[in-house]
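The chain contents come next:
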Amino acid sequence: MSFIRETIKAIRMTLVLWLLTAMIYPLAILIMGQALFPFQAHGSVMVNIQAQAIGSALIGQTFTTEGYFHGRPSSVRYSEGEQASPTGISGASNLAPSNSALLNRIVEQATKLQDENIQPVADLIYTSGSGLDPHISLRAAAQQLSRVARARDLRENEISRLINKYTDRRFLWIFGEPGVNVLRLNYALDLQEINRQ
């Protein structure tokens, strides 16, 4: 009789824990996220002045033209050729430091940057761990400043103000390093150009 009672007790505890951890807790977090952080809960999607989505401020995008700051390279490819990955996958290349494919990619990226007169700083040649990092360092932004200023026919100090404005500082003033959100910065440059016309 005690075996049956203990079995029922174990089943009841399992159901209560399942209800708490699989239903109540996730629902509470979802409601709190939607109420307190609606922009972030919906993917931090930025829209342009025509109300069209231009990207997420949380996910790095590829910018290749001269008038834009380039973000970190990514081993994740969303829509480029045969090696494209479906949206939603993140991750590093998992290539060992001794792998020749990794070395070739880094040398190719560094050479490309040098051709653009940009000092190949770490976050412009190495991919991030997630492959989705939307930030570059202040040093990487400074290396690209003169190229973007020339391409957009702006003074460097005008762009420097925007770099400072779109720099995310250290979390709680002690964790991590300051980083420039590339999508926000590039869109601000586009807006500035629209306002000049």
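Parameters at a glance
Residues numbered from 1 in each chain as written. Predicted model: local features only at pLDDT ≥ 70, side-chain atom pairs only at ≥ 80, totals over all residues. Heavy atoms only, no water. UniProt positions renumbered as here; feature names shortened; annotations may be inferred. Helix = DSSP H or I, 4+ residues; strand = E, 2+ residues; numbered from the N terminus. Buried < 20%, exposed > 50% of the residue type's maximum accessible area, 1.4 Å probe, protein only. Contact = heavy atoms within 4.5 Å. Patch = residues over 30% accessible without salt bridge, like charges linked within 9 Å, V, L, I, M, F, W, Y side chains within 5 Å. Areas by Shrake-Rupley, 256 points an atom, 1.4 Å probe, with all protein chains shown as cover. Salt bridge = Lys/Arg side-chain N within 4 Å of Asp/Glu carboxyl O. Core = buried A, V, L, I, M, F, W, Y, C linked by side-chain atoms within 4.5 Å. Expected span 1.5 Å × (residues − 1). Polar contact = N/O pair within 3.5 Å; in protein donor to acceptor, adjacent residues only side chain to side chain.

In the annotation of an unreviewed UniProt entry, the entry for the protein reads Potassium-transporting ATPase KdpC subunit, and the organism field reads Nodularia spumigena UHCC 0060. In the Subcellular location (unreviewed entry) part of its UniProt record, the protein is described as follows: "Cell membrane". The Sequence similarities (unreviewed entry) comment attached to the protein in UniProt states, word for word, "Belongs to the KdpC family."

Student: Hey, could you go over the overall build of the protein for me, with residue numbers and the actual values?
Tutor: Of regular secondary structure, the protein possesses 7 helices and 5 strands. Along the chain direction, N to C, the helices and strands of the protein fall in the order α-α-β-β-α-α-β-α-α-β-β-α. Counting all 197 residues of the protein, 29% fall into the buried class. Of all intrachain contacts in the protein linking residues separated by at least 6 positions in sequence, the fraction that spans at least 24 positions is 56%.

Student: Requested: an account of a nonpolar patch on the surface, with residues and values cited.
Tutor: A surface patch of nonpolar side chains, about 870 Å² in accessible area, is lined by I11, L15, V16, L17, W18, L19, L20, M23 and I24. In this structure, L19 sits in helix α1 (residues 2-36).

Student: An account of the nonpolar core is requested, with residue identities and associated values reported.
Tutor: Counting residues in hydrophobic clusters, the biggest one holds 30 residues, and the most contacted among them are F69, L124, I136, I159, I163, L185 and L189. Elements supplying a minimum of two residues to this core: α3 (100-115), α4 (122-125), α5 (138-152), α6 (156-165) and α7 (182-196). Other than its neighbours up to four places away in sequence, I163 contacts F69, L138, A141, L145, V180 and L185.

Student: Explain α7 to me, and be specific about the residues and the numbers.
Tutor: With 15 residues, α7 should reach 21 Å at 1.5 Å per residue; the first-to-last C-alpha distance of 21 Å fits that figure. When we look at burial in α7, the residues that qualify are V182, L183, L185, N186, Y187, A188, L189 and Q192. Along its buried surface, α7 packs onto β1 (45-47), β2 (53-56), β3 (135-136), α5, α6 and β5 (179-181). A side-chain oxygen of the first residue of α7 lies 3.3 Å from the backbone nitrogen of L183; this N-cap is N181.

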